[in-house]
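# Summary of the model geometry
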Amino acid sequence: MSDKPHQNLAVIGHVDHGKSTMVGRLLYETGSVPEHVIEQHKEEAEEKGKGGFEFAYVMDNLAEERERGVTIDIAHQEFDTDDYYFTIVDCPGHRDFVKNMITGASQADNAVLVVAADDGVAPQTREHVFLARTLGIDELIVAVNKMDVVDYKEDTYKQVVSDVQDLLKQVQFNTEDASFIPTSAFEGDNVSEASENTPWYDGETLLEALNSLPEPQPPTDAPLRLPIQDVYTISGIGTVPVGRIETGTMNTGDNVSFQPSDVGGEVKTIEMHHEEVPSAEPGDNVGFNVRGIGKDDIRRGDVCGPADEPPTVAETFTAQVVVMQHPSVITAGYTPVFHAHTAQVACTIESIDKKMDPASGEVAEENPDFIQSGDAAVVTVRPQKPLSIEPSSEIPELGSFAVRDMGQTIAAGKVLDVNE
Ligand code: GDP
């Protein structure tokens, strides 16, 4: 951990445009790959009589991590610049990228959009930019990647920049909040050092652009919200719910409430990194013990908050959604699974209230009969089982969700209003 301000960074873009390679390059060039990993791979390579291309070792290691990442929600990759400590909030290339972007342990403050120069704006480029905008990403750094493949041609770069700018305008992203850099993740051009291959470019390198991002907003002064990830029984202690504090603080002696299970008690002990601590704050992963709470009283998906400001349980809620990929149309009555923080609950879309024009953000149609891929809409949702969720304007950390059906993420959104 570091004293520098933290930035949660999403790396987004179309498949194969170079996201994983770029993350590998960033970790490698900032010296964030553990020495023993590099040494181990070096030895293996030497035994096999291969030359020392260290970057390739990094990529191997990332691939391994990614494989392990299938069973955990998020694979954390971390590096720092002069001014910030960065956490990549999702493992690029992960199948559940979008779901993780929303329900993952940490939401992104800013994003790097990777667009391959030889392919240009592609379907997932659009989708991810649309989502980034819906979910409140502040700034985008656009890496026009694979410049080596297009012979570092300035014209090609300019064309891609212009296409991406058009896309940003379409989704109402302030193009002044986007910077553009010609890169090759593979060769390392303009990542940490200005490249000689792009003499026509005199702007920032990717690391400089990352370092000059604005500082993320301080955590909201919202009350404690701690979504429960798991519940363990530990001998000598008892029931130990674990999870990550999204907002607020937890102190021993606090009176807490778990919702929607609707039980509560006094916090006896809090443990972090196998050590007992008197209090914990946003970002901390904790295990704790609450007087009188048994293993069957609470479950994954509960949210823990102060007894006098308990987490909201929604009877219904209204939300702004973006439909990403649905094979047909979505009509009122549709009941997919909503993933919000650590909860997964079947929810019925009771009504489709408004359809929005993605280009202008204005209401395009009141009470449409259906919505489909590419549409943005305001809907009213009824959870089929109690669900704790909060208006995004009050507690953004607990106000967004992904909608899953048929094994994929079909929509994403944020909560506008909750009816308790
Ligand atoms: P992702 O799906 O966006 O994570 O893409 P990957 O990082 O897995 O890259 C897809 C393929 O493109 C891999 O074979 C990479 O080696 C290659 N690649 C990525 N970046 C570059 C680049 O800047 N130049 C070249 N020539 N190839 C690249």
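Every chain's residues receive numbers from 1 upward, in the order its sequence appears when written. Where local features are concerned, this predicted model is filtered to residues with pLDDT of at least 70; where side-chain atom pairs are given and counted, the filter is 80 or more; whole-chain, interface and lining totals use all residues. Only hydrogens and water are set aside; all other atoms, that is, all heavy atoms of the structure, feed into the side-chain values.

Our focus in this paragraph is the site of the ligand. Proximity is defined per residue: any heavy atom of the residue falling within 4 Å of a molecule or strand makes that residue near it. Residues in contact with the ligand amount to 15 residues; listed here are only the nearest, Asp16, Lys19, Ser20, Thr21 and Asp148. Any N or O atom pair separated by 3.5 Å or less is treated as a polar contact, with the protein-specific requirement of one donor-capable and one acceptor-capable atom, and with residues adjacent in sequence counted only for side-chain atom pairs. Lys146 is positioned such that a nitrogen or oxygen atom in its side chain is 3.1 Å from an oxygen atom of the ligand. Protein chains bury 75% of the 580 Å² of accessible surface belonging to the ligand in isolation. Numbering of helices and strands starts at the N terminus; helices are DSSP runs of H or I of at least 4 residues and strands are runs of E of at least 2. Top element by residues in the shell around the ligand is helix H1 (residues 19–29). It accounts for three residues. Note on areas: Shrake-Rupley, 1.4 Å probe, and residue coverage restricted to the protein chains presented here.

Glancing now at a negative patch on the surface. Negative charge collects at one region of the surface, where Glu35, Glu39, Glu43, Glu44, Glu46 and Glu47 lie side by side. Here Glu44 shows up in helix H2 (residues 35–47). Residues enter patches when they are more than 30% accessible in relative terms and free of salt bridges; like-charged ones are connected within 9 Å and nonpolar ones (Val, Leu, Ile, Met, Phe, Trp, Tyr) within 5 Å. Salt bridges, as used here, are contacts in which a Lys or Arg side-chain nitrogen is within 4 Å of a carboxyl oxygen on Asp or Glu. Positive residues here are Lys and Arg, negative ones are Asp and Glu, while His and the chain termini are left out of the count. Charged groups are reduced to one reference atom each: NZ for lysine, CZ for arginine, CG for aspartic acid, CD for glutamic acid.

Across soluble globular proteins, nonpolar side chains show a tendency to be buried alongside one another. Formed by 57 residues in total, the largest nonpolar core has its most connected members in Phe79 and Leu210. A total of six residues in this core trace back to one element, the largest contributor, which is helix H6 (residues 154–170). Excluding residues that lie within four positions of it along the chain, Leu210 makes contacts with Leu9, Leu26, Phe79, Thr81, Tyr84, Phe86, Val112 and Ile141. Take the buried Ala, Val, Leu, Ile, Met, Phe, Trp, Tyr and Cys residues and link them wherever side-chain atoms come within 4.5 Å; each set so joined is a nonpolar core. Burial classification: accessible surface area is computed with a 1.4 Å probe over protein chains only, and a residue below 20% of its type maximum counts as buried, one above 50% as exposed, and the rest as partly exposed. Counting residues in hydrophobic clusters, the runner-up holds 26 residues, among them Val321, Ala340, Ile349 and Ile410. We call two residues in contact when some of their heavy atoms are within 4.5 Å.

To estimate the expected span of a helix, count its residues, drop one, and scale the result by 1.5 Å. Between the first and last C-alpha of H6 there are 24 Å, a value that for 17 residues agrees with the 24 Å anticipated at 1.5 Å per step. Among the residues of H6, Tyr157, Val160, Val161, Val164, Leu167 and Leu168 are the ones counted as buried. For H6, the angular spread of buried residues about the axis comes to 125°, placing them on one side. Seen from the open side of H6, the exposed residues pointing more than 90 degrees away from its buried face are Asp155 and Lys169. Downstream of H6 by one or two residues, Gln172 has phi in the positive range, about 65°. The arc in question is the one traced by the directions running from the helix axis out to the C-beta atoms.

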